[in-house]
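Per-entry structural report
Listed below are the residues making up each chain.
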Amino acid sequence: MRILVIEDEPKIAQAIKKGLELKGFAVDVVYDSDSGLSYGADPDYDVIVLDRMLPGSIDGAELCRKLRDNGINTAIIMLTARGTIGDKVEGLNSGADDYLVKPFSFDELTARVKALLRRPATHVGTSVSVGDLQLDTNTYKVIRGDKEIKLSSKEFALLEYFMHHPGQVITKDMIINHVWDQDADILPNTIEVYIGYLRNKIDRPFPTLKPLIHTMRGFGYKIEAN
Ligand code: CA
């Protein structure tokens, strides 16, 4: 999952980026509202973490309003140093989905990011499943049948992205845009290699079960139970 952080304090921005990357997210950072407005318009971001007080021609609340006016419905968490009722209401009224008061614990930010990512899906709790394959976004456990599968953090991020879109054709471009950050130099070949890694762990060890990862020649891939 790909996250955009719009935060002008470099220390906080880098701490958020590092922390979220350790959790397997791909993270881009911009430091002012004007860059935020142009980056935020990219529909490939799954969540935007937006600081309310930003340098630039507009502040965070106005930025949020503009993104919504422009038809961008990416989930937005607004960060603010102030925590009065009025600020919260203004943040939410500007179109943010959630609100976090600084200083916040990193665990809480992660939990809220995950909650927003789960929102449109039809599963319960922190676990997603496709057929007999289960992935838990909280414990990072992946289980097929009764066998636990060990994945690298990139493999996990790739599988998580697939499992949030079961039965849907996922192109290599979609994978590059949602699973890697913009600084990553990813070639379509790399995606094939990672799909191969996943197949070796998710499908090949289970020869009696139907494969879950399907190649759609000329289009991309999908995960589907049948
Ligand atoms: Ca700020």
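Not measured: the values here are computed from a predicted model.

Taken domain by domain, the protein consists of domain 1 (2-117) and domain 2 (122-223). Contact with domain 1, which involves 14 residues of that partner, is made by eleven residues of domain 2. Summing both sides of the interface, domain 1 and domain 2 together bury roughly 1100 Å²; the carbon and sulfur share of this comes to 37%. Considering only the surface of domain 1 that becomes buried against domain 2, Arg2, Asp44 and Lys114 emerge as the three largest contributors, covering 38% of it. Across the contact surface, domain 1 and domain 2 share one salt bridge. Asp181 serves as the salt-bridge partner of Lys17, at 3.8 Å between the closest nitrogen and oxygen. For the pair domain 1 and domain 2, the interface holds nine residue pairs in polar contact (both at pLDDT 80 or more). Mapped onto the side of domain 1 that touches domain 2, the elements with two or more residues apiece are helix H1 (10-22), strand S2 (26-30) and helix H5 (106-118). Ranked by residue count, the leading element in the side of domain 1 that touches domain 2 is S2, at three residues. Per-class residue counts for the side of domain 1 that touches domain 2 are five nonpolar, one polar and eight charged.

Among the nonpolar cores identified, the biggest contains 49 residues, and Ile3, Leu133, Leu159, Ile175 and Ile202 are the most heavily contacted of them. Examining the composition of this core, we find that seven residues originate from one element, helix H6 (residues 153-163), more than from any other. Both domain 1 (2-117) and domain 2 (122-223) contribute no fewer than three residues apiece to this core. Not counting chain neighbours up to four residues away, the residues in contact with Ile175 comprise Leu158, Phe162, Ile170, Trp180, Ile191, Ile195 and Tyr221. Counting 16 residues, the second largest nonpolar core, distinct from the first, contains Leu63, Leu67, Ile72 and Ile76.

What counts and how
- Residues numbered from 1 in each chain as written.
- Predicted model: local features only at pLDDT ≥ 70, side-chain atom pairs only at ≥ 80, totals over all residues.
- Heavy atoms only, no water.
- Domains from an automatic or database assignment.
- Contact = heavy atoms within 4.5 Å.
- Buried area = accessible area lost by both parts, 1.4 Å probe.
- Salt bridge = Lys/Arg side-chain N within 4 Å of Asp/Glu carboxyl O.
- Polar contact = N/O pair within 3.5 Å; in protein donor to acceptor, adjacent residues only side chain to side chain.
- Helix = DSSP H or I, 4+ residues; strand = E, 2+ residues; numbered from the N terminus.
- Nonpolar A, V, L, I, M, F, W, Y, C, P; charged D, E, K, R; others polar.
- Core = buried A, V, L, I, M, F, W, Y, C linked by side-chain atoms within 4.5 Å.
- Buried < 20%, exposed > 50% of the residue type's maximum accessible area, 1.4 Å probe, protein only.

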